[in-house]
Amino acid sequence: MLDLSRQYASIRNEVLAAVERVCDSQSYILGAEVTSLEREFAALCTTADAVACNSGTDALWLGLNAAGTKSGDAVVTTPFSFFATASSIVRAGARPVFADIDPETLNLDPARVEAGLKASSARRSGIMPVHLYGQVADMTALGRIAAEFKLPIIEDAAQAVGASWDGKAAGSLGAAAAFSFYPTKNLSAFGDSGALTTSDPDLAVRARLLRNHGAKQRYYHDEIGACSRMDAIQAAVLRVKMPHLRRWNDARRERAQIYDRLLTSAGLTRTGANSSAPVTLLKTRPEAHHIYHQYVIRARNRDKLREFLRERGVGSEIYYPVPLHLQKCFAYLGYSEGDLPEAERAGAEVLALPMFAELEQDEQRAVVDAIAEFYS
Ligand SMILES: Cc1ncc(COP(=O)(O)O)c(C=O)c1O
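These notes cover the structure that comes with them. Counting restarts for each chain, with residues numbered from 1 along the sequence as it is written. Local features in this predicted model are restricted to residues of pLDDT 70 or higher, and side-chain atom pairs are both shown and tallied only at a pLDDT of 80 or more, whereas totals for entire chains, interfaces and linings draw on every residue. Heavy atoms from the whole structure form the basis of all side-chain values; hydrogens and water molecules are not counted.

Quick word on the pairing of strand 9 (residues 194–198)
Step number 1: Of all the 5 residues making up strand 9, 5 are buried; the element is thus mostly covered by neighbouring parts of the structure.
Step number 2: Here the term buried applies to any residue with accessible area under 20% of the maximum for its type, exposed to any over 50%, and partly exposed to those in between, with areas from a 1.4 Å probe on protein chains only. Going along the chain from the N terminus, every DSSP run of H or I of four or more residues is numbered as a helix, and every run of E of two or more is numbered as a strand. The alternating pattern of strand 9 places G194, L196 and T198 on one face and A195 and T197 on the opposite face, and all of these are buried.
Step number 3: Pairing between strands is defined by DSSP: at least two bridges between them are needed. Relative to strand 9, strand 1 (residues 49–53) runs antiparallel, the two being bridged by 5 bridges. Across the sheet, the residue bridging to C53 is G194, located in strand 9.
Step number 4: As paired strands, strand 8 (residues 176–180) and strand 9 are joined by 4 bridges and run antiparallel to one another. Bridge assignment links S180 to a residue of strand 9, and that residue is G194.

Structure, rendered in structure tokens:
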């Protein structure tokens, strides 16, 4: 699925020099290295500020809290995402309200969000779209809806560093945005870390407070925050990688096009003339600059195909097999099977294929040949 050693080999000397710089400084948490990372990451996202923290999960929590989410509020989000999207809402004291997804992109469907907001009179405090697999959600429609209902948007941009919508960078499209630098992400650290971006100075101040035990001054606590600071070594590694990101993202986009071409020319993809083919490609909206954190197809007989690929040494992954509204821990929210059919159908059909900037063309060909063999 992902061979991180190829990327590491290409930047090894730079990374080791950066880690040595941190060791020589003997400053390991926050400090100058993290401040520099915050400045550079904010510039990448075209925001006024970035608040570095210890995971994408915590960045979501910081964003919700700093944007004013209160206990008992409802936050509208997608049921088709990584667990942290919804768990951060619960950790902020609120209640996730799920709106179904667009079957073509698998991102939050704005029409469903609007209908849900119109149908309910619950106290709401935000909308949390996820830029799934590296494609920004429809922020034109979601921005209009958020303005109409006077709700802040907290972007879950964990999978979308360097992506954009209508020329505007992911991370700059709402009140705040959460990013993850987990080692498998397209901009990845050497451990857990994340960041919140915002152009609202008050929100940034509050997020900085909350990431460090709610203390303005050491040992004086106005509120209960979290222990969610970024390590200087992670910041140093990220600062080495950031200048390479555009090239790596372009390489992912190129590889996605190659998969599209190979799958289509093998006659595997569903088109107007070939409506019974076993594979459906996801759509990219014209406004979206997709960075393909993942390359995902919808596949007939998905689980058997995955097993077949595994036997041939081809990695694949399911993001995500169980939609959030059907997770055991969210049973108290009262959803049942059939409530969000597009998310449930996606959970049964999606399959992510190997995707990283250094993936070779003959490796991609081998993946598609194996898929073709399974369906032949
Ligand atoms: C959509 C989404 N949201 C949130 C997260 C949480 O990020 P982290 O693993 O850094 O806590 C992830 C990554 O795993 C993610 O993919």
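Next comes the rest of the description.
Structural notes on the packing of helix 2 (residues 31–44) against helix 8 (residues 232–241)
Step number 1: Inter-axis angles, ranging from 0 to 180 degrees, are taken between N-to-C directions of lines fitted to C-alpha atoms, where helices are fitted over the stretch in contact. Two elements in contact, helix 2 and helix 8, have axes whose closest approach is 8 Å; the angle formed by their N-to-C orientations is 40°. Classified by the angle between their axes, helix 2 and helix 8 sit oblique to one another. Remark: the crossing between helix 2 and helix 8 carries left-handed chirality. Packed against helix 2, whose contacting residues are E33, V34, S36, L37 and E40, the element helix 8 presents A232, A235, A236, L238 and R239 at the interface.
Step number 2: Residue classes follow a fixed rule: Ala, Val, Leu, Ile, Met, Phe, Trp, Tyr, Cys and Pro count as nonpolar, while Asp, Glu, Lys and Arg count as charged, and any other residue, Gly among them, counts as polar. Class assignment of the residues belonging to the contact of helix 2 with helix 8 gives a composition of 6 nonpolar, 1 polar and 3 charged. An angle below 35 degrees is treated as roughly parallel, one above 145 as roughly antiparallel, one from 65 to 115 as roughly perpendicular, and anything else as oblique. By definition, any crossing whose near helix is turned counterclockwise from its far helix by less than a right angle is left-handed, and any crossing with a clockwise turn is right-handed. Any two residues whose heavy atoms approach within 4.5 Å at even a single point are treated as in contact.

Concerning the site of the ligand
Step number 1: One heavy atom suffices: a residue is near a molecule or strand as soon as one of its heavy atoms comes within 4 Å of it. Looking at the ligand, there are 16 residues lining it, with G56, T57, D156, S180 and K185 nearest.
Step number 2: Polar contacts, as used here, are pairs of N or O atoms within 3.5 Å; protein pairs need one atom able to donate a hydrogen and one able to accept it. Residues neighboring in sequence count only if both atoms are side-chain atoms. At 2.8 Å from a nitrogen atom of the ligand is found a side-chain nitrogen or oxygen belonging to D156.
Step number 3: K185 is positioned such that a nitrogen or oxygen atom in its side chain is 3.0 Å from an oxygen atom of the ligand.
Step number 4: When the ligand sits alone it has 390 Å² of accessible area, and the protein chains cover 93% of it. Calculation of accessible area relied on Shrake-Rupley with a 1.4 Å probe; when residues are assessed, cover is drawn exclusively from the protein chains displayed.

A few points about the sheet that holds strand 6 (residues 164–165)
Step number 1: With antiparallel pairing, 3 strands are arranged side by side in an open sheet as 7-6-13. Among the strands making up the open sheet, the edge pair consists of strand 7 (168–169) and strand 13 (288–289).
Step number 2: Of the pairings in the sheet, the one linking strand 6 to strand 13 comprises 2 bridges and is antiparallel in character. For S164, the partnering residue across the bridge sits in strand 13 and is H289.

Regarding the state of the cysteines
Such a bond, covalent and formed between the sulfur atoms of two cysteines, is termed a disulfide.
Step number 1: Cysteine sulfur atoms are paired as a disulfide whenever they come within 2.5 Å of each other. In the structure shown here, the tally under the stated rule is 0 disulfides.
Step number 2: C53 forms no disulfide, and the closest cysteine sulfur to it belongs to C227, at a distance of 11 Å.

Some details on the environment of P110
Step number 1: Position of P110 relative to the elements: it lies in helix 5 (residues 110–119).
Step number 2: Taking the C-alpha atoms as reference points, P110 and D100, 10 residues apart in sequence, are found 8.9 Å from one another.
Step number 3: Beyond its immediate stretch of four places on either side in the chain, P110 contacts D138, A141, L142 and I145.

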